[in-house]
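Summary of the model geometry
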Amino acid sequence: MGRALIIGCGGVAGVAIHKCCQNSAVFEEIMIASRTKAKCDALKEKLDGKTDTKITTAQVNADNKDEVVALIKSYQPDLVMNIALPYQDLTIMEACLACKVNYMDTANYEPENIDDPAWRAVYEKRCQKEGFSAYFDYSWQWAYRKKFEEAGITALLGSGFDPGVTQAYCAYALKHEFDTIESIDILDCNGGDHGYAFATNFNPEINLREVSAPGSYWENGHWVEVPAMSIKRAYHFDQVGEKDMYLLHHEEIESLAKNIPGVKRIRFFMTFGQSYLDHMRCLEDVGMLSTTPVNYEGKEIVPIQFLKALLPDPAGLGPRTTGKTNIGCIFTGKKDGKDKTYYLYNVCDHQECYKEVGSQAISYTTGVPAMVGAMMLLTGKWNKAGVFTVEEFDPDPYMEALNKWGLPWQESHHPVLVD
Ligand code: NDP
């Protein structure tokens, strides 16, 4: 049915590529292109002969728009799947626009260099206007709406689990369960254990920037920002048990606040163990999470990049991670004039993921929806021109595909609420 150019070949892309290869009727041909071509070649070698999908590989520096344009022109894909890093979102979108080809990604734009004065000026204005200070936000990509509309192409933003599936859950709840949704609590629980004292489950730089930022939530039409990890709750998760979770800023809150009419409050909680928090605070206190280069013996070093080199590669955590994840959304609202509560969630087992595609469940729960989002675009089930987040499309085919391709969802009509 189609041909996809997949940029990136890390933990998440590895899963998405496995899933595309299980779904050869839709993904007839894929090209895996990344900064380190050897990783693309190694994955191709692993998959060749076990799939009907025709795989080719290439080297690309996706920070360079012209390189991406040249690659798109030579491969002529129907879709570009950006599963590299958020730093590359804008260059890849620009290249898609130049070549009039559909685009998708799994995380919204943030700059690699947050000391860049031009970016900083826009960022500081946004912090003041919007009231949250995370380094990432949708404004950079939403700025492309008109251009994508005029070019007649689609950009699907953030088709991972959170963002991604969580927004499909919101659209599904609104379509099938509620007349109005009043509150959404997104709960992301990783009950897995990899046996290391400290490791991150996806790209360490992106992950540590996210979780060390101030927390924030949406309430009554505006953002409320609080110090990092200052709001803590305990919750009993199905098939995982009781865990401490902390309120974080998260990107899908921004789009859901715009797209779920009348919603009064949206919060995001993620579980962390005490050891993770202790390590993170210590690294932060000594400056290891800094993105500002320091001069060490005549060489410029970015502390968080050096830390990444020391930490275990998230893509390699699969064999040693046991336990389950449980990620979902709890809704309150009204149906037929009556108060109602509803919980949609997925439980995923780290070792089952490892057996199937050689990864842990965090890469799996992100890589499957990346494939599913791409499938929506390639099959034309989602086909409006412009720049959209997941909740702006019909959730039904996406939800059906999640059940089929490895992330079945469960529901509860009487969930315990978070206070
Ligand atoms: P990894 O660091 O494992 O992989 C990133 C890949 O991108 C690597 O193959 C890397 O190449 C490649 N890459 C980096 N820079 C460039 C460049 N300039 N040009 C070409 N390729 C490049 O990250 P993850 O797989 O853990 O994460 C991938 C994405 O998924 C991130 O954007 C992350 O934020 C997002 N994510 C989304 C989630 C969600 O639920 N929505 C959850 C988890 C992650 P190299 O091998 O050379 O380093």
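Data block above holds the structure.
We now turn to the structure provided with this report. (Residues numbered from 1 in each chain as written. Predicted model: local features only at pLDDT ≥ 70, side-chain atom pairs only at ≥ 80, totals over all residues. Heavy atoms only, no water.)

Some details on the packing of aromatic side chains
Under the criterion given, the structure shown has 22 aromatic pairs. Judged by centre distance (5.0 Å) and plane angle (20°), the rings of Tyr138 and Trp142 are stacked. Of the two residues examined, Tyr138 and Trp142, each falls in the buried class. Aromatic pair Tyr235 and Tyr343: ring centres 6.4 Å apart, planes at 85°, arrangement edge-to-face. Placement of Tyr235 in strand S10 (residues 232-237) and of Tyr343 in strand S16 (residues 338-349) is noted, with a sequence separation of 108 residues between them. Among the residues examined, Tyr235 registers a relative accessible area of 6% and is labelled buried. Chaining the aromatic ring pairs together yields one cluster made of Phe198, Tyr246, Phe272 and Tyr276. (Phe/Tyr/Trp six-rings, centres within 6.5 Å; stacked < 30°, edge-to-face > 60°. Buried < 20%, exposed > 50% of the residue type's maximum accessible area, 1.4 Å probe, protein only. Helix = DSSP H or I, 4+ residues; strand = E, 2+ residues; numbered from the N terminus.)

Thoughts on helix H2 (residues 37-47)
All of the buried residues in H2 are Cys40, Leu43 and Leu47. For H2, the arc enclosing every buried residue in end-on projection is 65°, short of the 170-degree limit, so these residues lie on one face. Summarising the geometry of H2, the exposed residues directed more than 90 degrees from the buried face are Ala38 and Glu45. Elements that come into contact with the buried residues of H2 comprise helix H1 (11-22), strand S2 (27-34) and strand S3 (54-59). Gly49 sits one or two positions beyond H2 and adopts a positive phi of about 90°. (Arc of directions from axis to C-beta. Contact = heavy atoms within 4.5 Å.)

With respect to the environment of Asn108
In this structure, Asn108 sits in the loop between strand S5 (102-105) and helix H5 (117-130). In sequence terms Asn108 and Glu352 are 244 residues apart; their C-alpha atoms lie 29 Å from each other. For Asn108, the contacting residues outside a window of four places in its chain are Pro86, Asp89, Phe136, Asp137, Tyr138, Gln141, Glu251 and Glu254.

What about the pairing of strand S6 (residues 154-157)?
Residues of S6 alternate between two faces, with Thr154 and Leu156 on one and Ala155 and Leu157 on the opposite face, all of them buried. In the sheet, S5 pairs with S6 via two bridges, with the strands oriented parallel. Each bridged residue has a counterpart across the sheet, and for Met104 the counterpart in S6 is Leu156. Direction of pairing for S6 relative to strand S17 (residues 386-389): parallel, over a ladder of four bridges. Bridging from a neighbouring strand, Leu156 pairs with Phe388 of S17. (Pairing = 2+ DSSP bridges.)

Note that every value here comes from positions in space, so none of it alone points to a role or purpose.
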